[in-house]
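Listed here are the chains, written in short residue letters.
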Amino acid sequence: MNEVYEFDWVKVADFDEMSSFAAKLYERQLLRKPDSVLGLATGASPVGFYEKLVERHAQGTFSFAQTHTFNLDEYIGLQPSHPTSFHNYMEEHLFTKVDLPVTSRHLPDGMADDLNEACLRYETLMRISGGIDMQLLGIGINGHIGFNEPYTSFRTRTHIVDLADSTRTVNAKYFPSKEAVPRQAITMGIETILEAEQIILLAFGEQKVEAVERLKSGVISEDFPASCLHRHPHVTVFFGK
Ligand code: F6R
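Residues numbered from 1 in each chain as written. Predicted model: local features only at pLDDT ≥ 70, side-chain atom pairs only at ≥ 80, totals over all residues. Heavy atoms only, no water.

A. Structural context of the pairing of strand β10 (residues 235–240). With respect to burial, β10 is a largely interior element, six of its six residues being buried. Burial along β10 is two-sided: the face carrying Val235, Val237 and Phe239 and the face carrying Thr236, Phe238 and Gly240 are both buried. Direction of pairing for strand β1 (residues 8–11) relative to β10: parallel, over a ladder of four bridges. Of the residues in β10, the one forming a bridge with Trp9 is Val237. Direction of pairing for strand β9 (residues 198–204) relative to β10: parallel, over a ladder of six bridges. Residue pairing for β10: Ala203 is matched across the bridge by Phe239. A crossover connection joins β9 to the parallel β10 through helix α7 (residues 209–216); in handedness this β-α-β unit is right-handed. (Buried < 20%, exposed > 50% of the residue type's maximum accessible area, 1.4 Å probe, protein only. Helix = DSSP H or I, 4+ residues; strand = E, 2+ residues; numbered from the N terminus. Pairing = 2+ DSSP bridges. Right-handed = clockwise from strand over helix to strand, strands pointing away.)

Dropping the structure here:
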């Protein structure tokens with residue numbers, strides 16, 4: 001697993017184009033394999049992607065009836081119904097709009113009494129579902145993927161993380177104040193993410209230019225978590241500004 005792979009770089013004209021291209025890849029995946037296991041992300045980057053996927057689904061050519069989904073991460077201490085929980089984000093952008101069965105939607109349980117056990121349970125669930133076929137990722141300005149902040153070991157599985165101050169600052173826009181942003185989250189680990197068959201990274205906008213440049217350099221280092229993706233043979237990066 002020491003090989004270094006080049007990404008499939010796709011420069012997009014705008015956010016809309018990125019969203020359409022990514023939605024087409026997921027549609028194609030579901031047409032080819034209706035019982036796919038999909039890895040999903042939240043945040044600003046995939047909002048258009050979910051919109052397009054819902055639109056395409058409404059045309060009736062593919063279904064989520066046999067699909068399972070696993071989200072990358074969830075805050076610790078927010079009820080699923082909390083307006084800024086990732087559970088709530090997924091309800092709003094995808095789950096209530098497609099025919100994905102309730103029992104097939106999975107996110108880490110940030111309200112569990114035993115959080116370590118919740119992490120292990122999530123890993124087991126992914127394994128018995130057959131592993132992720134296609135994983136969607138965004139990228140933090142500090143290079144995080146999921147909530148794997150700089151200096152996270154590339155050997156991590158689903159785990160509890162302390163959020164970087166810069167991540168809490170960026171995400172404060174979704175909360176009444178920065179103080180209200182949870183300090184911890186559960187995230188799939190780097191090793192977990194790298195086990196997906198295929199990875200789609202959305203990196204659009206001025207604020208992502210530096211991170212994209214860093215990825216282009218090809219240097220692999222734990223101080224820039226997304227650089228681990230160069231160890232994966234099937235990564236498509238949609239980028240532009
Ligand atoms: C979201 C996630 C994060 C985001 C990243 C980029 O589930 O795991 O890694 O993908 O913070 O966020 P946006 O898209 O809001 O710039």
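B. Geometry of the sheet that holds strand β8 (residues 184–187). Taken together, the three strands give an open sheet; going across it, the order is β4-β8-β7, and neighbouring strands pair in antiparallel fashion. In this open sheet, the two edge strands, each paired with only one partner strand, are β4 (73–75) and β7 (159–162). Going from strand to strand, the sheet's axes swing by 25° on average, the running direction of each strand aside. Across three bridges, β4 lies against β8 in antiparallel orientation. Residue Tyr75 lies in a different strand from β8, and its bridge partner there is Ala185. Docked against the sheet, helix α4 (residues 115–128) engages β7 and β8, running at close to 125° with respect to β7. (Axes fitted to C-alpha atoms, helices over the stretch in contact; angles between N-to-C directions. Contact = heavy atoms within 4.5 Å.)

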